[in-house]
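So the chains spell out like this:
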Amino acid sequence: MRVTSDVFCSALVRTVFGQGGFAAIASRGAREAGAIYVTQRLRSGAFNLYGPAPQSFFDDNAGRDNAVDARKFETLMEQVSEPDISERLQRERHYDPDIWIVELETDSLPSTIRLVEA
């Protein structure tokens, strides 16, 4: 069974705070299965954006032991400005109004964000 988007985002925020960073849920989407987007503000002032990995990266048996670790993300944008991120998220929200947006201020991603190579 997969962890709901609500539980995953809450756990992500707690994890980042536990590692000494800052995190906030900027937008709440569908509680059960809304797509999750993560923005990362780096010390340099630049931003990265991570979004749900394409379905081709999922295995039917993946994540059965640890549902939180089953969330996979791909890098959508790297080292861009905040307006670029906002514009992209606005387009995503137009396509799917039930998205979650979690904002992180940390230079290293927590282990719950598993990046895949697109």
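Residues numbered from 1 in each chain as written. Predicted model: local features only at pLDDT ≥ 70, side-chain atom pairs only at ≥ 80, totals over all residues. Heavy atoms only, no water.

**Q** Please give an account of the pattern of salt bridges that cites residues and values.
**A** Evaluated as defined, the whole model comprises 6 salt bridges. Across the pair Glu105 and Arg41 runs a salt bridge whose closest N-O atoms are separated by 3.6 Å. One end of the pair, Glu105, is in strand S5 (residues 100–105); the other, Arg41, is in strand S2 (residues 36–41), with 64 residues separating them in the sequence. According to the relative accessible area criterion, Glu105 is partly exposed, its value standing at 41%. Across the salt bridge formed by Glu92 and Arg88, the nearest N and O atoms sit 3.1 Å from each other. (Salt bridge = Lys/Arg side-chain N within 4 Å of Asp/Glu carboxyl O. Helix = DSSP H or I, 4+ residues; strand = E, 2+ residues; numbered from the N terminus. Buried < 20%, exposed > 50% of the residue type's maximum accessible area, 1.4 Å probe, protein only.)

**Q** So what about the environment of Arg43? Which residues, and what values?
**A** Secondary-structure assignment places Arg43 in the loop between S2 and strand S3 (47–52). Expressed as a C-alpha distance, the spacing of Arg43 and Thr106, which sit 63 residues apart in the sequence, is 7.6 Å. Side chain to side chain, Arg43 and Asp107 meet in a polar contact 2.7 Å long. (Polar contact = N/O pair within 3.5 Å; in protein donor to acceptor, adjacent residues only side chain to side chain.)

**Q** Tell me about the confidence of the model for the chain, and please be specific about residues and values.
**A** Residues of the chain with pLDDT of at least 70 account for 85%, and the chain-wide mean is 87. Least confident of the elements in the chain is strand S6 (residues 114–116), whose mean pLDDT is 90; most confident is S5, at 97. (pLDDT = per-residue confidence, 0-100.)

**Q** Describe the environment of Val16, and please don't skip the residues or the numbers.
**A** Within the fold, Val16 resides in helix H1 (residues 5–18). Separated by 90 residues in sequence, Val16 and Thr106 have C-alpha atoms that sit 7.8 Å apart. Beyond its immediate stretch of four places on either side in the chain, Val16 contacts Gly21, Phe22, Ala23, Leu104, Thr106 and Pro110. (Contact = heavy atoms within 4.5 Å.)

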